[in-house]
Amino acid sequence: RFGPGAIFWMSLIAFLGMATIYAEATLALKTRVVESDGSIKGGPVYYITTAFKGRLGEFFAGFFAVAIILALGCMGCMVQSNSISYTLQGAFGIPSWVVGVILVIICSVIFIGGIKRLALVVEKIVPVMALLFILGGLSVLIIRAQYIPETFGMIFKYAFHPQAIIGGGFWYAIMTTVSQGAKRGLFSNEAGMGSTPHAHALAKVKTPHEQGTVAMMGVFMDTFVILTLNALVIISTLYTHDGLLANGYIGDITQLLTKTNLVQTAFGTALGLQNGAIFVALCLMFFAFSTILGWNLFGKINVLYLFGDKRPKISVLVYTLMSLSFIMLGTLVSCDLVWEMADMFNNLMVIPNALALFALTGLVLSSLSESRKA
């Protein structure tokens, strides 16, 4: 909805983000703590306190922990439940509150089951949802093959001249396009946010370098395959000369297309309105649901960092109830409000994480040198 040019900036930032996420994954393994019972504690709070000693490190780590609990465990889960409810309502006519109740019940069972049950569910869901979406996206691009050259042309054209497609003056349009590309890329591949290091810290690999390369592949698949495919579908169906957004995201069209039904409309123009709505609703449900599970775990790790020494069970229970409340709330509030709040808290996460990555550049480089010698 912010123009095809945002895809160019999203891809550029993701390319740079591959280096950032390599550093995150490497440091997560370098600084993780292995307890006597074999359990592992890891994540940005541990490399933040490595980068900054004393009270400064404790402050930055505490700031990050609070930010990620709010950003992912609360606001992030609210975004995902909001997207699930809106797409299911559009495809099947299911009331949003009903979707919210069902999500809360399912998530409660999984959250209580712990990390093993969570990992089992995500392990089954992710490959299926990715394959389905890729096949569906490719089928749309085959149908719209004659518009592919025009699609790529629009991405590069409006990356530097976006005012014609989103309105406003030149500098306003440029800033809007770049910022939206950056925010959507950050929200999707999470490079630099400090969320994925929690998962990388649990990996069983020979060297931190190995996990760093796996993390880079994750960003590549997420942005340059899944997101780019999604973007090409949207642009080739909606922004080309016969599309609903041929004249830009301005005027009455802003009342018809939102963040949640944009993709459904795009797939619907090629696959049929109802078929497109159903396909996107099912795929997004899997994507968003698995994200809720992962983000809840990341938030829980930081809750235990803050309160685990004193009252671990009570703190986890309070956090779980809070997360479930936001999942329900996400199905009831407006789409734009949810995204604005999520973007704000995501930015708060980045600050201490980025400072620590910069401070520990030498440790990352030494890990890379060790891998080359091995």
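Data block above holds the structure.
Fair warning: this is a prediction, and the values are worked out from it, not measured in the lab.

*Asks:* Where do I start with the packing of aromatic side chains in this structure?
*Replies:* Applying the stated rule across the entire model yields 10 aromatic pairs. Measuring from centroid to centroid gives 5.7 Å for F59 and F60, while their planes differ by 50°, and the two rings are tilted. Among the aromatic residues, those joined into a ring-pair cluster are F52, F59, F60 and F63.

*Asks:* I would appreciate a short explanation of the packing of helix α2 (residues 44-51) against helix α3 (residues 54-92) in the present structure.
*Replies:* Relative orientation and spacing of two packed helices are given, respectively, by the angle between their axes and the distance between those axes. It is the contact of α2 with α3, at a shortest axis distance of 8 Å, that shows an interaxial angle of 160°. Regarding the angle of α2 to α3, the classification is roughly antiparallel. Classified by chirality, the crossing of α3 by α2 is right-handed. The segment α2 lies against α3, with P44, V45, I48 and T49 engaging G57, F60, A61, F64 and A65. Grouping the constituent residues of the contact of α2 with α3 by class yields 7 nonpolar, 2 polar and no charged.

*Asks:* Teacher, can you tell me more about the packing of helix α13 (residues 273-307) against helix α14 (residues 312-330) here?
*Replies:* Relative to each other, α13 and α14 sit at 145°, their axes nearing to 10 Å. The handedness of the crossing between α13 and α14 is right-handed. Contact residues: I292, W295, N296, G299, K300, V303, L304 and F307 in α13; P312, S315, V316, Y319, S323 and I327 in α14. Across the contact of α13 with α14, the residue classes tally to 9 nonpolar, 4 polar and 1 charged.

*Asks:* What is the right way to read the environment of N302 from this model?
*Replies:* For N302, the position within the fold is in helix α13. Sequence spacing of N302 and G62 is 240 residues, and the spatial spacing of their C-alpha atoms is 8.8 Å. Residue contacts for N302: discarding those within four places in its chain leaves V45, F64, A65, I68, I69 and H198.

*Asks:* Teacher, can you tell me more about helix α6 (residues 148-160) here?
*Replies:* Since there are 3.6 residues in each turn of an α-helix, residues three or four apart along the chain are aligned in direction. Every buried residue of α6 is listed here: T151, M154, I155, Y158 and A159. One face of α6 carries all of its buried residues, which in axial projection span an arc of 120°.

*Asks:* Looking at this model, I keep getting lost on a nonpolar patch on the surface. Mind explaining?
*Replies:* Together, L56, F59, F63, I351 and L355 make up a nonpolar patch on the protein surface, roughly 460 Å² of accessible area in all. Mapped onto the nonpolar patch, the elements with two or more residues apiece are α3 and α15 (335-359). At 3 residues, α3 tops the list of elements feeding residues into the nonpolar patch. Turning to its location among the elements, L355 is positioned in helix α15.

*Asks:* It is not clear to me how the state of the cysteines should be interpreted in this structure. Could you clarify?
*Replies:* Each disulfide consists of a covalent bond between the sulfur atoms of two cysteine residues. Taken as a whole and judged by the stated rule, the model has 0 disulfides. Free of any disulfide, C107 has its nearest neighbouring cysteine sulfur in C77, separated by 7.4 Å. For C107, a relative accessible area of 0% puts it in the buried group.

Thresholds, definitions, all that
- Residues numbered from 1 in each chain as written.
- Predicted model: local features only at pLDDT ≥ 70, side-chain atom pairs only at ≥ 80, totals over all residues.
- Heavy atoms only, no water.
- Phe/Tyr/Trp six-rings, centres within 6.5 Å; stacked < 30°, edge-to-face > 60°.
- Axes fitted to C-alpha atoms, helices over the stretch in contact; angles between N-to-C directions.
- Helix = DSSP H or I, 4+ residues; strand = E, 2+ residues; numbered from the N terminus.
- Parallel < 35°, antiparallel > 145°, perpendicular 65-115°, else oblique.
- Left-handed = near helix turned anticlockwise from the far one by under 90°.
- Contact = heavy atoms within 4.5 Å.
- Nonpolar A, V, L, I, M, F, W, Y, C, P; charged D, E, K, R; others polar.
- Buried < 20%, exposed > 50% of the residue type's maximum accessible area, 1.4 Å probe, protein only.
- Arc of directions from axis to C-beta.
- Patch = residues over 30% accessible without salt bridge, like charges linked within 9 Å, V, L, I, M, F, W, Y side chains within 5 Å.
- Areas by Shrake-Rupley, 256 points an atom, 1.4 Å probe, with all protein chains shown as cover.
- Salt bridge = Lys/Arg side-chain N within 4 Å of Asp/Glu carboxyl O.
- Disulfide = S-S within 2.5 Å.

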